[in-house]
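Here is what each chain is made of, one letter per residue.
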Amino acid sequence: MRKYFGFLLAGILLGTAAVQAQKVLRIRKLVGSKHDKLYGLPLSVVNVPAGNIVIGSNSADTARSGYDRQHLVKISSFYISTTEVTNAQYKEFTNWVRDSLAAIDLGGEYITVKDGDTAINWKYATHINYSDPAIMAKLTNLLLDPSKSLSNRPQIDPHKLVYRMEGFNYQEAAKKENEGRSPKDFVYRQDVEVYPDTLVWMRDFGYANNEHMSIGYYASDKYKNYPVVGVSWVQANAYCDWFTKQRVYKEQRKRKMPNDGVCRLPTQAEWAYAASLNDNDADVKANKNDTAGNKTREDGLLGNKLFPEMVVRNKRGGYHIYDMAGNVSEWTNTSFYEGSVNFVNRFNPDIEWGNNDSKSKFKRRKVVCGGSWKDIPALTTTSNRFYEDMDNAHSYIGFRVVLNFPD
């Protein structure tokens, strides 16, 4: 009987593993299309299983005030990108916005009209020739004011690349005081300028020669597989909204799957939980090498890096996730509040308040996790945490994404 039970248990475990492997394969196919390879590394994700983590203060928490109580919380399963979002991956978003707006202005073959609804004809829109004077002459609404241009050629104005976010605010709709109100009251629309702030390299470091980074970091193919920076929390959130609607939903419909997937920024707890699982390999081995005196010359320069590195250059952790401790710090979905650990829910804890229109600076603060290329070794850890205004952008802050697919 015991032997039979052992065979049965082994069969169940193998069956469960096979189902999970098939699910991971479907997700990888969903996010890693051939189209991505034209731009650079495709987005890669890994499954983080449900589990527990202790949240509370730590020595590297640079915003630890009121964050001293510790307790155990439970995190649901999710998928997280193995790298920070790259310049190439984000550029697919900015190019999509540019081509959408251009197609509407050009009309004709670039759009289709069916039952009174106008849609972009992507068969032609992805091949708009922006070096053709005849094309550019029709895009006056998108062009930079000639008086502000250093070139004699017409140029697309980055500030006019605006993405409209539309959705339903479940947080507001769920409030008791809003019970009985029309669902239409909770539909939101928000316009977001999506082009990265390339001048952050100059603003972040005064009296430094970083002009070449402002000019080339986002524009040059040399950096296409480097983490995108100069994006605010609002812009990172807009990228997730676009990825959900234009990539996840589209692929789910194509594969006849329900449209229940979502791409978003990780919560602070999810980020910390993924980092805790990932840390058990790369960081531990690095520390052992350090104490043993076996570091290479390149390892010895850790903490003295100039600028970010390619997202897959460094050693990946135990869960095949790269650079959670360094390269660039990363936006999370969580609003920062001193002492929040004392009252957040023990199941998938998160705080979301405030939006881009909030006047209160306290409602605009978002948690940023991990160290970055500019930090000293003591802060180049997964336990480093601070906050920034949701509209601020820096040369040392990027983001990675989480995907949720209900079972």
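Residues numbered from 1 in each chain as written. Predicted model: local features only at pLDDT ≥ 70, side-chain atom pairs only at ≥ 80, totals over all residues. Heavy atoms only, no water.

Trainee: How would you explain the overall build of the protein chain if you had to name every residue and give the values?
Mentor: Scanning the protein chain for helices and strands turns up twelve helices and 14 strands. Within the protein chain, buried positions represent 44% of all 407 residues. A fraction of 72% describes how many contacts in the protein chain between residues 6 or more apart in sequence connect residues 24 or more apart. Total accessible area on the protein chain is roughly 22,500 Å²; 53% of this is exposed by carbon and sulfur atoms. (Helix = DSSP H or I, 4+ residues; strand = E, 2+ residues; numbered from the N terminus. Buried < 20%, exposed > 50% of the residue type's maximum accessible area, 1.4 Å probe, protein only. Contact = heavy atoms within 4.5 Å. Areas by Shrake-Rupley, 256 points an atom, 1.4 Å probe, with all protein chains shown as cover.)

Trainee: Tell me about the packing of aromatic side chains, residues and numbers included.
Mentor: By the definition in use, this model includes 27 aromatic pairs. Centroid distance Tyr195 to Tyr218: 5.3 Å. Interplanar angle 85 degrees. Geometry classified as edge-to-face. One end of the pair, Tyr195, is in the loop between β8 (187-193) and α7 (200-204); the other, Tyr218, is in the loop between α8 (211-216) and α9 (233-254), with 23 residues separating them in the sequence. Residue classification places Tyr195 among the partly exposed positions, given a relative accessible area of 29%. (Phe/Tyr/Trp six-rings, centres within 6.5 Å; stacked < 30°, edge-to-face > 60°.)

Trainee: Talk me through the pattern of salt bridges; I want residue IDs and the actual numbers.
Mentor: In the structure shown here, the tally under the stated rule is 16 salt bridges. Among the salt bridges present, the one from Asp375 reaches Lys374, with a minimum N-O distance of 2.9 Å. Residue Asp375 is classed as buried on the basis of its relative accessible area, which comes to 8%. Through salt bridges with shared partners, a single ionic network connects Arg364, Asp389 and Asp391. (Salt bridge = Lys/Arg side-chain N within 4 Å of Asp/Glu carboxyl O.)

Trainee: Would you mind going over the sheet that holds strand β10 (residues 329-335) in detail, with residue names and values included?
Mentor: With mixed pairing, the four strands of this open sheet are ordered in space as β12-β11-β10-β13. Both edges of this open sheet fall to β12 (385-389) and β13 (397-398), since each of them pairs with a single strand only. Those strands touched by helix α10 (residues 268-278) are β10, β11 (365-369) and β12, and its axis lies near 135 degrees from that of β10. (Pairing = 2+ DSSP bridges. Axes fitted to C-alpha atoms, helices over the stretch in contact; angles between N-to-C directions.)

Trainee: Run through the environment of Cys369, naming residues and quoting values.
Mentor: Here Cys369 lies in strand β11. Separated by 37 residues in the primary sequence, Cys369 and Thr332 place their C-alpha atoms 7.1 Å from one another. With sequence-adjacent residues up to four places away left out, Cys369 is seen in contact with Gln268, Trp271, Ser329, Glu330, Thr332 and Asn384.

Trainee: Could you give an account of empty space enclosed by the protein, naming the residues involved and the relevant values?
Mentor: Under the counting rule described, the total for this entry stands at two cavities of 30 Å³ or more. Estimated volume of the second largest cavity: approximately 60 Å³. Lining the second largest cavity are Asn87, Pro196, Asp197, Thr198, Val200, Trp201, Met213, Ser214, Tyr217, Tyr218 and Val229. Contributing elements (two or more residues each) for the lining of the second largest cavity: α7 and α8. Residues of the lining of the second largest cavity, tallied by class, amount to seven nonpolar, three polar and one charged. (1 Å grid on protein atoms, 1.4 Å probe; cavity = no way out; pocket = protein on both sides within 12 Å on 5 of 7 lines; lining within 4 Å. Points joined across faces, edges and corners; volume = space filled by probe spheres on them. Nonpolar A, V, L, I, M, F, W, Y, C, P; charged D, E, K, R; others polar.)

Trainee: Could you give an account of the sheet that holds strand β1 (residues 45-48), with specific residues and numbers?
Mentor: In space, the four strands of this open sheet follow the order β1-β4-β14-β9, with antiparallel pairing throughout. In this open sheet, the two strands that pair with only one neighbour each are β1 and β9 (262-264). With direction set aside, neighbouring strand axes in the sheet form an average angle of 30 degrees. As paired strands, β9 and strand β14 (residues 402-404) are joined by three bridges and run antiparallel to one another. Within β14, the residue paired with Val262 across the bridge is Asn404. Against the sheet, α9 touches β9 and β14, its axis set at about 155 degrees to β9. Those strands touched by α10 are β1, β4 (78-81), β9 and β14, and its axis lies near 75 degrees from that of β4.

Trainee: Let's hear about the side chain of Lys366: which residues, and what values?
Mentor: Following the sequence through the fold, Lys366 ends up in strand β11. Glu352 provides the closest opposite charge to the buried, unpaired Lys366, separated from it by 5.8 Å. A distance of 3.0 Å separates a polar side-chain atom of Lys366 from the backbone oxygen of Asn333. Of note is the side chain of Lys366, whose polar atom sits 3.1 Å from the side chain of Ser335. Among all residues touching Lys366, those that are not within four sequence positions of it are Trp233, Trp331, Thr332, Asn333, Thr334, Ser335, Phe336, Trp353, Phe386, Tyr387, Glu388 and Met390. (Lys, Arg positive; Asp, Glu negative; His and termini not counted. Polar contact = N/O pair within 3.5 Å; in protein donor to acceptor, adjacent residues only side chain to side chain.)

Trainee: Quick one: what's the story with α10, residue by residue and with numbers?
Mentor: The periodicity of an α-helix, 3.6 residues per turn, causes residues three or four positions apart to be oriented the same way. Burial analysis of α10 places nine of its eleven residues in the buried class, which makes it a mostly covered element. Burial in α10 covers these residues: Gln268, Ala269, Glu270, Trp271, Tyr273, Ala274, Ala275, Leu277 and Asn278.

Trainee: Can you explain the environment of Arg385? Please cite residues and give values.
Mentor: With respect to the helices, strands and loops of the structure, Arg385 is situated in strand β12. Remark: the alpha-carbon pair of Arg385 and Ser329, spanning 56 residues in sequence, is separated by 8.8 Å. Separated by 3.5 Å, the side chains of Arg385 and Gln268 make a polar contact.

Trainee: Tell me what's going on with a nonpolar patch on the surface, and back it up with residues and numbers.
Mentor: Taken together, Tyr337, Phe343 and Trp353 make up a surface patch of nonpolar side chains, about 300 Å² in accessible area. Given a relative accessible area of 34%, Tyr337 falls into the partly exposed group. (Patch = residues over 30% accessible without salt bridge, like charges linked within 9 Å, V, L, I, M, F, W, Y side chains within 5 Å.)

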